[in-house]
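Working through the structure, step by step
Now for the letters of each chain:
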Amino acid sequence: MISLVRYLAADVLRGQRYLAPLLVFLGVMGMLFSTDAGQPLEAYSGSAALLYPIAAWTAVVVATSEDVVRREITVVSAGGRSQVLTAAALVAVSFALVMALVAAVWPVVTNPHPYTFGEFLVGLGAHAVCALLGVGVGLMFARPVFDSIGRTVLAVFSVVVLTYPLGRATPLGWVLDALGHNQVSLSVLWAGVIGIALVSCAVVVGVRRA
Amino acid sequence: MLRDLTLEVSGLVVLTGANGTGKSTLLKIAAGVLKPTSGRVVRPASVGYVPERFPSDVKMSASSYLAHMGRIRGAAVGDVLERLGFVGSLTAPMSQLSKGNAQKVALAQAFLATGVLVLDEPWTGLDPAAAAELSSLLQGRTALVSDHEGHLAGATRVDLAGGHVTIELSRVVGLDALEALEGVRSVLSRGSSARVVVAPDRSDHVLAEALRLGCSVRSVR
């Protein structure tokens, strides 16, 4: 599995399609924290909300990095589609978690309000949860679940756009609500469980769909 | 669609048949890329697979790709590339390789497998020397290969549409009903037209049924 993860990660990095979501992420992060972003946890809510669509975008990039024919070879070499889709999910989660770490550290350095270690850990956890939710959404609609990149983009965009107005009706809303009110909530933990379940579900659906 | 097929691969087995008779589909099922809608496939743990067309836009270099594939399989990269006469750059992106050299990389990754090889028209793009060397490399291996040009003398040959009638249909109606008819060996659907390969003794029946369903028959041969 480690060699498969390494191969898929190397392929994504070679392909450079990851640069688009990464640059958007870094650019918006720069704008968010160019001035006083508010109290520590409150300041995290903007970057957490940003990470959700960026993680979904990155997950689509990871899932579609190999074209269909090369994916067939990888499936045969790895001994099954479940191994490859699991490895792709691990790569997408790893990329998203790295961005979650960057998003958690960024305001600690740039925001004028001092951060305690506890607040940093809460922020890191909240970002990780948003990243997992985004990866889950991205993988759920990417190949092999949806074969066409057009349908993938439309579905992911629709779900992401619809998530925000639904507010506390979604796991993302639980996280953003807790951060917006500058408080720690158990619902963030539950949102994390849902995020992991969503990613796992996307892998299972992908294996069955293929 | 392929029906009523039993195939035991031992030594070299060559699949032949006209376009659209299901060779590539059968190879994908044999390799584990596709699941059969019914029936079962028993295959060894290590299968090497070469698709009909290896992608031409791969950013990874050949050496990096083969090293990764070797690690995934837990196998050392052998000398297949050298034996096939690879002459391109191993460190340049594979998108810069010629069709023949990209095919050699595809073959080299398949030969990392210790079990059965499943090769879809593996001679495509190879020069005569490399084609002969590939035939030589396959000797002694267990392989299921599609081949139009008779590269493997002495191999067991399986004609997927041996003795068949091809019915070309336009304005196709009731394709599911046609697929279910006895004697139908394969159906290749493209938009509103379809090519149906039928056993000779059932062709009249299938033709009559297609006309009864309202299909237009373009040709029968």
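Residues numbered from 1 in each chain as written. Chains lettered and ligands numbered in written order. Predicted model: local features only at pLDDT ≥ 70, side-chain atom pairs only at ≥ 80, totals over all residues. Heavy atoms only, no water.

Side note on unusual backbone geometry
This is how it is decided: A run of H or I in DSSP counts as a helix once it spans at least four residues, and a run of E counts as a strand once it spans at least two, with each numbered from the N terminus.
Put simply, A:Arg143 and A:Pro144 share a cis peptide bond, and its omega is 10°. With respect to the helices and strands, A:Pro144 occurs in the loop between helix H6 (117-141) and helix H7 (149-163). Positive phi is not limited to glycine here, since A:Gln16 has a value of about 70°. With respect to the helices and strands, A:Gln16 occurs in the loop between helix H1 (2-15) and helix H2 (19-32). The phi angle at B:Glu121 is positive, at roughly 45°, despite the residue not being glycine.

Considerations on the UniProt feature "transmembrane region" (unreviewed entry) in chain A
All names here are of chain A. The following threshold applies: UniProt positions are given in the numbering used here, feature names are shortened, and annotations may be inferred rather than shown by experiment.
With numbering aligned to this structure, UniProt lists the feature "transmembrane region" (unreviewed entry) at residues 18-37, 43-63, 84-108, 120-142, 149-167 and 187-207. Helix makes up 100% of residues 43-63 and strand 0%. Its end C-alpha atoms lie 31 Å apart. In the segment residues 149-167, helix accounts for 79% and strand for 0%; the C-alpha atoms at its two ends are 28 Å apart.

Describing the interface of chain B and chain A
What counts, and what does not: What makes two residues a contact is simply this: any of their non-hydrogen atoms within 4.5 Å. Throughout, the accessible surface (probe 1.4 Å) given up by two parts as they are put together, summed over both, is called the buried area. The rule for a salt bridge is simple: a side-chain nitrogen of Lys or Arg has to be within 4 Å of a carboxyl oxygen of Asp or Glu. Classes in brief: Ala, Val, Leu, Ile, Met, Phe, Trp, Tyr, Cys and Pro nonpolar; Asp, Glu, Lys and Arg charged; the others, Gly included, polar.
Taken together, the 22 residues of chain B in the interface contact 22 residues of chain A. In this assembly, chain B packs against chain A so that about 1,900 Å² is buried in total across both faces, 64% of it on carbon and sulfur atoms. Considering only the surface of chain B that becomes buried against chain A, B:Val33, B:Met60 and B:Ile72 emerge as the three largest contributors, covering 27% of it. The interface formed by chain B and chain A holds one salt bridge in total. Residue assignment for the side of chain B that touches chain A shows that the elements contributing at least two residues are helix H1 (23-31) and helix H2 (62-73) of chain B. For the side of chain B that touches chain A, the class distribution of residues is twelve nonpolar, three polar and seven charged.

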